[in-house]
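# Tertiary structure, described
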Amino acid sequence: IENEDSFTTNYHDVFKTYKSTKEGDVKNLIANRLMTVEKVDDVDDIRPVQRVFTFPSIDYTADTFRSKGFVVLLWVTWILSYFAYLFDRDGKRLGDLNCDESEPNFGCFILQGLINWSIIMLQLTLIGTPFILWASVGNSVYQTHPLLITFGIISPVVFAILPYFNTFKVIHTEDGDFISTEKVDDARKQMLYNLAFICGTFLVVASSRNLLQRLVGQHDFWKNNKWLRMMMSVPGAIVLESNIKKAASFKVNQLVRNARAIHKIAEYESTEGYETLLSRALLSFEKASERREDFGGFFSTWKRLFSGKLFSEDGIWFTARLISGNVGQLTLCVFLISFFVNLQRSDFFQNELSKVAESEKWRLMAPLRYGLAVSEITIIIITLNYVPSTTRTVLLFRSGGIPSLHDARFWKLRVAVDQASLLFGTLFWGSLYTAILIGLFSMVFLAIILNKELAPQVLNIFASFLGLVITVILKILVLMIMRRKYHRGYYRTNPAKANLLGIIIESWNLGLTTQYMIIRCLKLLLAATLFIGRVDVPFLTEDANNLGLLEIDHFPLVFRKVRLTLQLIGPCFCD
């Protein structure tokens, strides 16, 4: 009970330390105020524990790092640095075979594709892995030497700040470079250079704050003030884990209150002894079990998130992968601006713009701006839906709404759990593809409407659609009248007239269903495009998702693996 409101991990609550308690180390830990005991005599009663090294600063499965914000900033910095200095170097590619496109040379193109993807793999692994590991040094929730944290500060300086001021090349060839910090005179690239530098600077500041926490966090000046202690002494991950303990305490208290309320009702209704009291209590419990609580909605989830109840009462824990993916999705808003700006500056668009009169140029500019606005709104909507969706998935797992252990398909959630590494990339690229496709569809749609040459055809299509709508409304009104007159649920009050009506409607539907199927096709294509960026919920049913041995979309399963893995081995919480 004494640890319910403390800013400590469950590991610390049990062993009273953030370090391993080897033989002979206990007194040193107490002397350095890294272990707390009630009395010095209790030292001999402490069981020595050897903690296994798990590289906690990069443990994205159990989230044992010090700060989630640091992890999110770290991955965003790496993405920006990669796109700024490694990706699409002004059309130059390392390992270019210069395949002749005028001649059918299929083997050359296959080899070129293999080389291109191999270089991308080497860049991401040989540069990204050292950057993430190096910068993460010191971001462990456990005690870390200040020199290691100082060593970790150098990483963002080398990978994000120095390239902004210096030009150097690694593995330089005529075709391209493996690494090149040579600046390109392009608005999109300039924006990436600046963003990578800004994020790298914030990363240095975050690491410096971490170092300051280690050096002065144990001082009494910080301990005497709660808010300063939270800001300087308590890492964000520990604060979140303390909320898990508060949520567990809240659930237990709620359980006791509900039990007392049930027995109070039973005592009020029962007057015939103890056994009748128990029977009444069981009946009251059965009635109470029928009560339901609506949860997981969009607005209610965000409201509980901002109030803090989502953590301190419901015990929801968001993984760093999810948060990083959400922040990455929001950075796409900036990328989309550069995408449409480059589209506007392209030779094709400028040539088309020069062909029209000055007074008619708005017909080309309006669709472009409309497409950008729709893309930005799409990104924001997708991003905001992930937090409620994650919350809903967790609660469904806890309550049995999503079957787990006793489900015949549960084995799919237990294999290949390393696929959790797909989550960050799928959130980022899926949202980008969705936004671009929706934006392009919207842009083309408005451009067709505003085109003078296509105006007669557009009016004919619109008139035909309007006629269809009027016909369908007429059909609905007729059916409403006839259903009331000839039907009562599944039964017919006048079978002869009902059968005659059925023949009339079925003949009529032969013509209407042609338009119905066109509309259905458009709706399904639009929904499928929107769900490219939604890997948290399945778009297809279990039966439609499997074509023989082929599984069409397995990313929602990966998303559930991530949530279930964290529920099992992450910060413990029992609902």
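All residue numbers refer to positions counted from 1 along the written sequence of the respective chain. Restriction of local features to residues with pLDDT of at least 70 applies here, the model being predicted, together with a cutoff of 80 or more for giving and counting side-chain atom pairs; totals for whole chains, interfaces and linings are based on all residues. Side-chain metrics rest on all non-hydrogen atoms present in the structure, leaving aside hydrogens and water.

### Observations concerning the overall build of the protein
Each helix is a run of DSSP H or I of at least 4 residues and each strand a run of E of at least 2, with the numbering of both proceeding from the N terminus. Secondary structure summary: the protein contains 21 helices and six strands in total. Look at the contacts in the protein between residues 6 or more apart in sequence, and 72% of them connect residues 24 or more apart. Taken as a whole, the protein presents about 34,500 Å² of accessible surface, with 64% of it coming from carbon and sulfur. Working rule for contacts: check all heavy atoms of both residues, and any pair within 4.5 Å makes them a contact. Using a 1.4 Å probe, accessible areas were evaluated by the Shrake-Rupley method; residue-level cover was limited to the displayed protein chains.

### Some points on the packing of aromatic side chains
Centres within 6.5 Å make a pair out of two Phe, Tyr or Trp rings, where for Trp the six-membered ring is used; the pair is then stacked when the planes are under 30 degrees apart, edge-to-face when over 60, and tilted otherwise. By the definition in use, this model includes 20 aromatic pairs. Here Y386 and F559 contribute two aromatic rings whose centre-to-centre distance is 6.5 Å and whose plane-to-plane angle is 55°, an arrangement assigned as tilted. Taken together, the residues Y386 in helix α16 (residues 362-399) and F559 in helix α21 (residues 555-569) connect sequence positions 173 residues apart. Whether a residue is buried, partly exposed or exposed follows from its accessible area with a 1.4 Å probe, protein chains only, as a fraction of its type maximum: under 20%, in between, or over 50%, in that order. Residue classification places Y386 among the buried positions, given a relative accessible area of 0%. Residue classification places F559 among the buried residues on the basis of a relative accessible area of 2%. On the numbers, 5.1 Å between centres and 40° between planes, the contact of F531 with F539 is tilted.

### Observations regarding the nonpolar core
Here the nonpolar core consists of buried residues drawn from Ala, Val, Leu, Ile, Met, Phe, Trp, Tyr and Cys, with membership extended through side-chain atoms lying within 4.5 Å. Residues L74, W78 and L80 are the most contacted members of the largest nonpolar core, which totals 38 residues. Of all the secondary-structure elements, those providing two or more residues to this core are α3 (68-85), α5 (128-136), α7 (187-216), α14 (320-345) and α18 (422-450). The greatest single-element share of this core, amounting to 13 residues, is contributed by α3.

### Details of empty space enclosed by the protein
Of the two site types, the cavity is a set of points on a 1 Å grid over the protein atoms alone where a 1.4 Å probe fits but cannot get out, and the pocket is an open set with protein on both sides within 12 Å along at least five of seven lines, each lined by residues with an atom within 4 Å of a point. Grid points are joined across faces, edges and corners, and a volume is the space filled by probe spheres set on the points. Throughout the structure, instances matching the rule amount to two cavities of 30 Å³ or more. Here the largest cavity defines a volume of roughly 40 Å³. Elements supplying a minimum of two residues to the lining of the largest cavity: α6 (146-165) and α7. At three residues, the largest contribution of residues to the lining of the largest cavity is made by α6. Three categories are distinguished: nonpolar for Ala, Val, Leu, Ile, Met, Phe, Trp, Tyr, Cys and Pro, charged for Asp, Glu, Lys and Arg, and polar for the others, with Gly belonging to the last. Taken together, the residues of the lining of the largest cavity break down into five nonpolar, five polar and no charged.

### What about the confidence of the model for the protein?
Looking at the protein, pLDDT values average 76 and 79% of them are 70 or higher. Each residue carries a pLDDT value, the predictor's own confidence for that position, ranging from 0 to 100. The lowest-confidence element of the protein is helix α2 (residues 26-31), averaging 53 in pLDDT; the highest-confidence one is α5, averaging 87.

### Here's the deal with the pattern of salt bridges
A pairing counts as a salt bridge when a side-chain nitrogen of Lys or Arg comes within 4 Å of a carboxyl oxygen of Asp or Glu. Counted according to the given criterion, the structure contains three salt bridges. Across the salt bridge formed by R304 and E313, the nearest N and O atoms sit 3.1 Å from each other. D536 is the partner of R534 in a salt bridge, and the nearest nitrogen-oxygen pair spans 2.9 Å. Of the two residues, R534 and D536, neither departs from the other in class, the shared state being buried. Salt bridges linked by common partners bring R304, E313 and D314 together as one network.

### Quick notes on helix α19 (residues 455-486)
Between its first and last C-alpha atoms α19 spans 46 Å; for 32 residues at 1.5 Å apiece the expected length is 46 Å, and the two agree. Of the positions making up α19, those classed as buried are V458, L468, V472, K475, L479 and Y486. Taken together, the buried residues of α19 touch α18, β3 (487-488), β4 (491-492) and α20 (495-530). To estimate the expected span of a helix, subtract one from its residue number and multiply by 1.5 Å.

### Here's the deal with the environment of F465
Counting through the fold element by element, F465 comes out in helix α19. Separated by 50 residues in the primary sequence, F465 and Q515 place their C-alpha atoms 8.7 Å from one another.

### Structural notes on α14
Under the 1.5 Å per step criterion, the end-to-end length of α14 is 37 Å for 26 residues, consistent within 8% with the ideal 38 Å. When the local axis directions of α14 are compared, the greatest deviation, roughly 30°, occurs at V334. To obtain the bend at a residue, axes are fitted to the seven residues ending there and to the seven starting there, and the angle between these axes is taken.

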